[in-house]
Amino acid sequence: MQEKNSQLQQSLCSPAEEDYFRCELISFNYVLRLSKILSRIIKASGYMPDLIVAIGRGGYVPGRLISDFLLFNDLTSMKIEHYARVADMRAEAKIRFPISVDITGKKVLVVDDLTDTGETLSLAVDYVWSLKPADVRTAVLQHKTCSNFMPDFYAQKIIKWRWVIYPWARYEDLAGFTGKIIRDRALNLSQIIIELKNRYDLDIKEIELLEILNDLTERGEITRTEGNIPVWKVLEEKMQSGKEQDF
């Protein structure tokens, strides 16, 4: 029953169509503003942790900014993996790098960028409690209402689902969406830009996309065919091995 409920929650926190959904690009200035709002909310609550734990990778920057706005020094991290790349969820969230300090008897604030399905924060909180702290609370910049996890503190509520692209993941996410679009087709630069807009509501400039395409080509994930108008395609061996799913 719990597994079915989890699957239902994932479907609520997922796009209706796998290859067509809205994305939102977040700027560093907006992240700074959300971090300041979140810090003020935490401060106004009267809660002051002994330690802030940032969840990697998405929580690294928010954790540092929040510790700055709280004039707080004790910041550490842990890493949890859930998404392989751009909305491709792993089978289950797992801890890659655990907390490396003793948190016994401490009040711990766990920080991430946002709640999506909620599995990452749920795993993080269960893990942190296993280390015998005095108290555990959670904070995120943005909370999706579809999530099955309710953080203690958040700066903004997201009611309508979309894929949020933070500035520290912009290049990686755009590379992933580009790979999803190309797949077994040969597309030129203009066609890829149009597809990014039509599928994901992303407005990307040619110079940025060309840099991404060059990097994917150097990594051996796609190939470039020269001609009057260059085109790009996922390498045949990548398609056959199923590695295109890594996009």
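Nothing here was measured: the structure is a model prediction, and the numbers come from that model. (Residues numbered from 1 in each chain as written. Predicted model: local features only at pLDDT ≥ 70, side-chain atom pairs only at ≥ 80, totals over all residues. Heavy atoms only, no water.)

> How should the packing of aromatic side chains be read in this particular structure?
For any two aromatic rings, the description comes down to two numbers: the centre-to-centre distance and the angle of the planes. Evaluation of the coordinates by the stated rule reveals six aromatic pairs. A network of ring pairs unites the aromatic residues F21, W161, F177 and Y200 as a single cluster. In this arrangement the basic side chain of R199 is found over the ring face of Y20, its NZ or CZ atom lying 5.5 Å from the centre. (Phe/Tyr/Trp six-rings, centres within 6.5 Å; stacked < 30°, edge-to-face > 60°. Lys NZ or Arg CZ within 6 Å of the ring centre and 35° of its normal.)

> I tried to follow the side chain of T120 on my own but got confused; where do I start?
In this fold, T120 is placed in helix α4 (residues 119-130). Apart from the residues lying within four places of it in its own chain, the contact partners of T120 are I55, I80, H82 and D112. (Helix = DSSP H or I, 4+ residues; strand = E, 2+ residues; numbered from the N terminus. Contact = heavy atoms within 4.5 Å.)

> Hey, could you run me through the nonpolar core in this one?
Across soluble globular proteins, you tend to see nonpolar side chains buried next to one another. If you look at the biggest cluster of nonpolar residues, it comprises 27 residues, and the most contacted ones within it are F177, L196 and L202. Counting only elements with at least two residues in this core, the list comes to β8 (163-165), α5 (170-182), α6 (189-200), α7 (206-218) and β11 (231-234). If we ignore the near neighbours within four places in the chain, the residues touching L196 are F177, T178, I181, D201, L202, I204 and L209. L70, A139, V164 and Y166 belong to the second-largest nonpolar core, a separate cluster that totals 21 residues. (Core = buried A, V, L, I, M, F, W, Y, C linked by side-chain atoms within 4.5 Å. Buried < 20%, exposed > 50% of the residue type's maximum accessible area, 1.4 Å probe, protein only.)

> I keep staring at the side chain of S39 and nothing clicks. Help me out?
Structurally, the position occupied by S39 is in helix α2 (residues 28-44). S39 has contacts with I66, F69 and L70, leaving out every residue within four places of it along the chain.

> Is there a simple way to explain the pattern of salt bridges in this structure?
When the charged atoms of two side chains with opposite charge come close together, those side chains can pair. Counting across every chain of the model gives 13 salt bridges. Measuring nitrogen to oxygen at the nearest pair gives 2.9 Å for the salt bridge that ties R57 to E172. Of this pair, R57 sits in the loop between β2 (51-56) and α3 (60-69) while E172 sits in helix α5, and the two are 115 residues apart along the sequence. Using a relative accessible area of 48% as the deciding quantity, one classes R57 as partly exposed. (Salt bridge = Lys/Arg side-chain N within 4 Å of Asp/Glu carboxyl O.)

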